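Each chain, written out:
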Amino acid sequence: MSLLASCLLAAVAPTPAQAAERPVPQSEPAPGAPTRIALWPSGKVPGESTFATVPNVIERSRDSALPDRYIDNVSAPYLVAYRPARPNGTALLVIPGGGYQRIVLDKEGTALVPAFVEQAGVTLFVLRYRLPAGRADRQAALADAQRAMRVIRAGAAKWQLDPQRVGVIGFSAGGHVAARLSNGYATALPGIGDATDALSARPDFALLLYPVIDMGRHAHSGSRTRLLGERPTPALEQQYSMQAQVSVQTPPTFLVHAQDDAVVSVHNSLLYYQALLAAGVPTEMHLFAHGAHGFGVRLPTGAPAAQWPALALRWMQGQGQGAEKTP
């Protein structure tokens, strides 16, 4: 059985009479399981109630071979780890998308396991982060991403990782969170003052797939509204437009987008790429004519955009991130 198969419980295919969406809470690792890593001690999530909400885990696929779960209502954020049999020392914090409304767990999470974990030896940590709904604090997702990077570095020896080879990969709105982390890793946010909080949250490199970047003219309206509200001020739009936050300290970045993306305009990646170039940040961008939005790794084998995992792994290797298994 593959690592991917062992990480997901088999889902019973619904009958035609059943709704396409159905709760599957049992498909998540139970609290305390080795693959489930809490970001903060129980009841000590900064800004949250002592009593955590119960997340909703919903399956949208009728095909058990192609799961398509999402999660929301997360108040006690955590990571789910996917470890290779022979770790090469490189780790990726995976931040899936979902328009700041939900977090997609499979198309932009577990589906990465064959290429990145099983074939390349990269250790993946998929983040369940806090969403803006019901919160006045717009920085909750960034706080979770910062803490996740620190938790991964804190456990580097245990997981056979090099703490200087920890990157981030973000998709769609998760790409916005990853870009916020790339530029705001040092932003002072509430913590708990433990040794983990003292570690660096800067990604060593970043991979952004069809990312939400701009909060102005080229914004994904749903992400902007959920994060910034119905009528954000120009100053707020500027603050959360990641092309305006790039600096020489932004980590090397790999960008992928499809020109026919009708959900998140390709201009988001173009604006970020131009900002990275202007700041002198090492960057590589791949634009594909076709792919639309949210393709993850589920593209026909012959589709040009299906090459992106191999291109990303090769780029990571070029950055000294050891994208291939060690002998």
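The rules behind the values
Residues numbered from 1 in each chain as written. Predicted model: local features only at pLDDT ≥ 70, side-chain atom pairs only at ≥ 80, totals over all residues. Heavy atoms only, no water. 1 Å grid on protein atoms, 1.4 Å probe; cavity = no way out; pocket = protein on both sides within 12 Å on 5 of 7 lines; lining within 4 Å. Points joined across faces, edges and corners; volume = space filled by probe spheres on them. Nonpolar A, V, L, I, M, F, W, Y, C, P; charged D, E, K, R; others polar. Pairing = 2+ DSSP bridges. Helix = DSSP H or I, 4+ residues; strand = E, 2+ residues; numbered from the N terminus. Axes fitted to C-alpha atoms, helices over the stretch in contact; angles between N-to-C directions. Contact = heavy atoms within 4.5 Å. pLDDT = per-residue confidence, 0-100. Polar contact = N/O pair within 3.5 Å; in protein donor to acceptor, adjacent residues only side chain to side chain. Buried < 20%, exposed > 50% of the residue type's maximum accessible area, 1.4 Å probe, protein only. Core = buried A, V, L, I, M, F, W, Y, C linked by side-chain atoms within 4.5 Å.

### A short note on empty space enclosed by the protein
- Evaluated as defined, the whole model comprises two cavities of 30 Å³ or more.
- Of the voids in this model, the second largest cavity is the one considered here, and its volume is about 40 Å³.
- Looking at the second largest cavity, the residues that line it are Tyr100, Arg130, Leu131, Pro132, Asp137, Arg138, Ala140, Ala141 and Leu227.
- Classifying every residue of the lining of the second largest cavity by side-chain character gives six nonpolar, no polar and three charged.

### Observations concerning the sheet that holds strand E11 (residues 253-258)
- Here eight strands make up an open sheet; going across it, the order is E2-E5-E8-E6-E9-E10-E11-E12 and the pairing mixed. Among the strands making up the open sheet, the edge pair consists of strand E2 (36-38) and strand E12 (283-288). Neighbour-to-neighbour, the strand axes of this sheet turn through a mean angle of 20°, independent of strand direction.
- Relative to strand E10 (residues 206-209), strand E9 (residues 166-171) runs parallel, the two sharing four bridges. Looking across to E10, one finds that phenylalanine 171 is bridged to leucine 209.
- In the packing of helix H4 (residues 173-184) onto the sheet, contacts are made with strand E6 (91-95), E9 and E10, and the angle to E9 comes to roughly 145°.
- In the packing of helix H7 (residues 267-279) onto the sheet, the strands contacted are E10, E11 and E12, and the crossing angle to E11 comes to about 155°.

### Regarding the confidence of the model for the chain
- For the chain, per-residue confidence averages 92 on the pLDDT scale, and residues scoring 70 or more make up 92% of the total.
- Note that pLDDT drops below 50 for residues 1-19; the model gives that stretch 31 contacts with residues more than four away or on any other chain.

### What about the side chain of serine 61?
- Mapped onto the elements of the fold, serine 61 is located in the loop between strand E3 (56-59) and strand E4 (69-72).
- Within the structure, serine 61 has its side chain in polar contact with the backbone nitrogen of aspartate 63 (distance 2.9 Å).
- Once residues lying within four places of it in the same chain are set aside, the contact partners of serine 61 are Ala20, Arg22, Leu66, Pro67 and Asp68.

### Looking at unusual backbone geometry
- Its identity is not glycine, yet serine 172 carries a phi of approximately 55°, on the positive side.
- Take serine 172: it is sitting in the loop between E9 and H4.
- For alanine 292, which is not glycine, the phi torsion reads 60° and is therefore positive.
- Locating alanine 292 in the fold gives a position in the loop between E12 and helix H8 (308-318).
- Since its relative accessible area comes to 33%, alanine 292 is described here as partly exposed.

### Comments concerning the nonpolar core
- Grouped together as the largest cluster of nonpolar side chains are 90 residues, with contacts concentrated most on Leu79, Leu93, Phe116, Leu124 and Trp308.
- For this core, the element with the most residues is helix H3 (residues 140-154), which contributes seven residues.
- Contacts of phenylalanine 116, omitting those with residues within four sequence positions, involve Leu92, Gly121, Val122, Leu124, Trp308, Pro309, Leu313 and Met316.

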